[in-house]
Amino acid sequence: MAIEFTKYHGLGNDFILIDNRSSSLPVLTPEQAVKLCDRHFGIGADGVIFALPGENGTDYTMRIFNSDGSEPEMCGNGIRCLAGFLADLEGEFRNKDLYRIHTLAGVITPQLMPDGQVKVDMGFPRLLAREIPTTLGAADVKVINQPLEVAGQTWEVTCVSMGNPHCITFVEDVVAISLETIGPLFEHHPAFPQRINTEFIQLVSRDYLKMRVWERGAGITLACGTGACASLVAGVLTGKCDRTAIVELPGGPLQIEWSEIDQRVYMTGPAERVFTGKL
Ligand SMILES: N[C@@H](CCC[C@H](N)C(=O)O)C(=O)O
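Keep in mind it's a predicted model, so treat the numbers as computed, not measured.

S.K.: Teacher, can you tell me more about the pattern of salt bridges here?
M.R.: If charged atoms from side chains of opposite charge come close, those side chains can pair. Within the structure shown, the criterion is met by 14 salt bridges. The salt bridge partner of Asp-140 is Arg-130, with a shortest N-O separation of 2.5 Å. Of this pair, Asp-140 sits in the loop between strand S7 (118-121) and strand S8 (146-150) while Arg-130 is found in the loop between S7 and S8, placing the two residues ten residues apart along the sequence.

S.K.: What am I meant to see in the site of the ligand here?
M.R.: Around the ligand there are 14 residues in total, and Asn-13, Gly-76, Glu-215, Gly-225 and Thr-226 lie nearest to it. Within the backbone of Gly-225, one N or O atom sits 2.6 Å away from an oxygen atom of the ligand. Contact with the protein chains covers 99% of the free accessible surface of the ligand, which is 370 Å². The set of elements that each furnish at least two residues to the shell around the ligand consists of helix H2 (76-90) and helix H4 (225-237). Class assignment for the residues of the shell around the ligand results in four nonpolar, eight polar and two charged. Inspection of the shell around the ligand shows a minimum of three residues originating in each of domain 1 (4-122 + 270-278) and domain 2 (129-263).

S.K.: Whenever I open this one, the side chain of Asn-197 confuses me. Can you help?
M.R.: Its place among the elements puts Asn-197 in strand S11 (residues 197-205). Look at Asn-197 and you get buried, because its relative accessible area is 3%. In terms of polar contacts, Asn-197 uses its side chain to reach the backbone amide nitrogen of Arg-216, at 2.8 Å. If near-sequence neighbours (up to four positions away) are discounted, Asn-197 is found in contact with Asn-164, Pro-165, His-166, Cys-167, Trp-214, Glu-215 and Arg-216.

S.K.: I would appreciate a short explanation of unusual backbone geometry in the present structure.
M.R.: Among all residues except glycine, the phi angle is most often negative; among peptide bonds, the trans geometry is most common. For the peptide bond that leads from Ile-132 to Pro-133, omega is -5°, which places it in the cis range. Inspection of the secondary structure puts Pro-133 in the loop between S7 and S8. Of note in the backbone geometry, Leu-11 takes a positive phi value of approximately 55° without being a glycine. Along the polypeptide, Leu-11 turns up in the loop between strand S1 (4-10) and strand S2 (13-19). A relative accessible area of 8% means that Leu-11 is categorised as buried.

S.K.: It is not clear to me how the UniProt feature "binding site: substrate" (unreviewed entry) in the protein chain should be interpreted in this structure. Could you clarify?
M.R.: UniProt records the feature "binding site: substrate" (unreviewed entry) for Asn-13, Asn-66, Gly-76, Asn-77, Asn-164, Asn-197, Glu-215, Arg-216, Gly-225 and Thr-226 in the present numbering. By the element assignment, Asn-66 lies in strand S4 (residues 60-66). Excluding residues within four positions of it along the chain, Asn-66 makes contact with Asp-46, Gly-47, Pro-72, Arg-216 and Gly-217. Mapped onto the secondary structure, Arg-216 falls in the loop between strand S12 (208-215) and strand S13 (219-220). We classify Arg-216 as buried; its relative accessible area is 8%. Other than its neighbours up to four places away in sequence, Arg-216 contacts Asn-66, Pro-72, Glu-73, Asn-164, Pro-165, Glu-187, Gln-194, Arg-195, Ile-196 and Asn-197. A distance of 2.9 Å separates a polar side-chain atom of Arg-216 from the backbone oxygen of Gln-194.

S.K.: Would you mind showing me how to read helix H1 (residues 30-37) here?
M.R.: An α-helix turns once per 3.6 residues; consequently, residues spaced three or four apart project the same way. Inspection of H1 places Ala-33, Leu-36 and Cys-37 among the buried residues, and these make up the whole buried set. Buried residues in H1, looked at end-on, bunch into an arc of 95°, giving them a common side. For H1, the exposed residues lying more than 90 degrees away from the buried face are Glu-31 and Lys-35. Where H1 is buried, its residues contact S2, strand S3 (47-53) and S4.

The rules behind the values
- Once a new chain begins, its residue numbering starts again from 1 and follows that chain's sequence as written.
- A pLDDT threshold of at least 70 governs which residues receive local features in this predicted model, and a stricter bar of 80 or more applies before side-chain atom pairs are shown or counted, although totals over entire chains, interfaces and linings include all residues.
- The basis for every side-chain value is the complete set of heavy atoms in the structure, and neither hydrogens nor water enter the calculation.
- Salt bridge, as used here: a side-chain nitrogen of Lys or Arg that lies within 4 Å of a carboxyl oxygen of Asp or Glu.
- A helix here means a DSSP run of H or I that spans at least four residues, while a strand means a run of E at least two residues long, and both kinds are numbered starting from the N terminus.
- Here a residue is considered near a molecule or strand provided that any single heavy atom belonging to it is located within 4 Å of it.
- Whenever a nitrogen or oxygen atom comes within 3.5 Å of another N or O atom, the pair is scored as a polar contact, on the condition that within protein one atom can donate a hydrogen and the other can accept it, and that pairs from neighbouring residues in sequence are kept only if both atoms are in side chains.
- Residue-level accessible areas treat just the shown protein chains as cover; the underlying method is Shrake-Rupley with a 1.4 Å probe.
- Lys, Arg, Asp and Glu make up the charged group, whereas Ala, Val, Leu, Ile, Met, Phe, Trp, Tyr, Cys and Pro make up the nonpolar group; the residues left over, Gly among them, are polar.
- The domain boundaries here were taken from an automatic or database domain assignment.
- For every residue, the accessible area (1.4 Å probe, protein chains only) is compared with the maximum for its type, and the residue is labelled buried under 20%, exposed over 50%, or partly exposed between those bounds.
- For this analysis, residues touch if any pair of their heavy atoms sits within 4.5 Å.
- UniProt positions are given in the numbering used here, feature names are shortened, and annotations may be inferred rather than shown by experiment.
- It is the directions from the helix axis to the C-beta atoms whose arc is reported.

Printed below as a string of structure tokens:
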């Protein structure tokens, strides 16, 4: 059976998008996704995203496999790419700019903006230890500036869930962090029973952050949308950041806001089609 796909990226965080609208189960297995994501023997990507029929009154459902085959709850750059992909699929039948997408993290709404960017209502951040989940602290308490031992060093970490789990550390210089070495140690630390995405943040100013990320299930990526959102929330919780900031990633900038009005997080950034193909 031939399967068509489109390769997209959001700031270099790249995905294989599959039109899965005729079935509510992904047409590929996690093992097949791992093979397709391989950058030498496959197409090459950080993950595979499936556009499935909507559930519970939503327009569509998004499912995603990381490049290691695990299934995360949400993906910020991925949902912007999905919005672009859906607009392409609907073509002349497209009658709206805003999609309500069912995800494992709840309903997320990306909106196609006139300038080609995609603005996403990412919902509420979840802050309690049991919601991350992490054993760093009591279940019903926020994890802010908590000590964590990794690689013989004590890191001061703040944890935020954007549906998927993030552990954020503010550092003097992001370039000096040896991500390849300590990323996997954070990801598999026993304090995080569902593993963790790890962000290192250098504050340039209260509204400009530089970020590098080690993603759960994907390793070093050029950008992480949920990670940028979680990092701004961590910056506000620790008193370091304003409510709106630019988060600069290796792949480019994202604009993030944790709204004081409705307490939801908004992310704005690009989604670029790269090529289409057939498996
Ligand atoms: N790159 C994504 C996050 C993808 C999922 C992540 N690896 C996880 O396992 O939680 C983003 O842009 O948010």
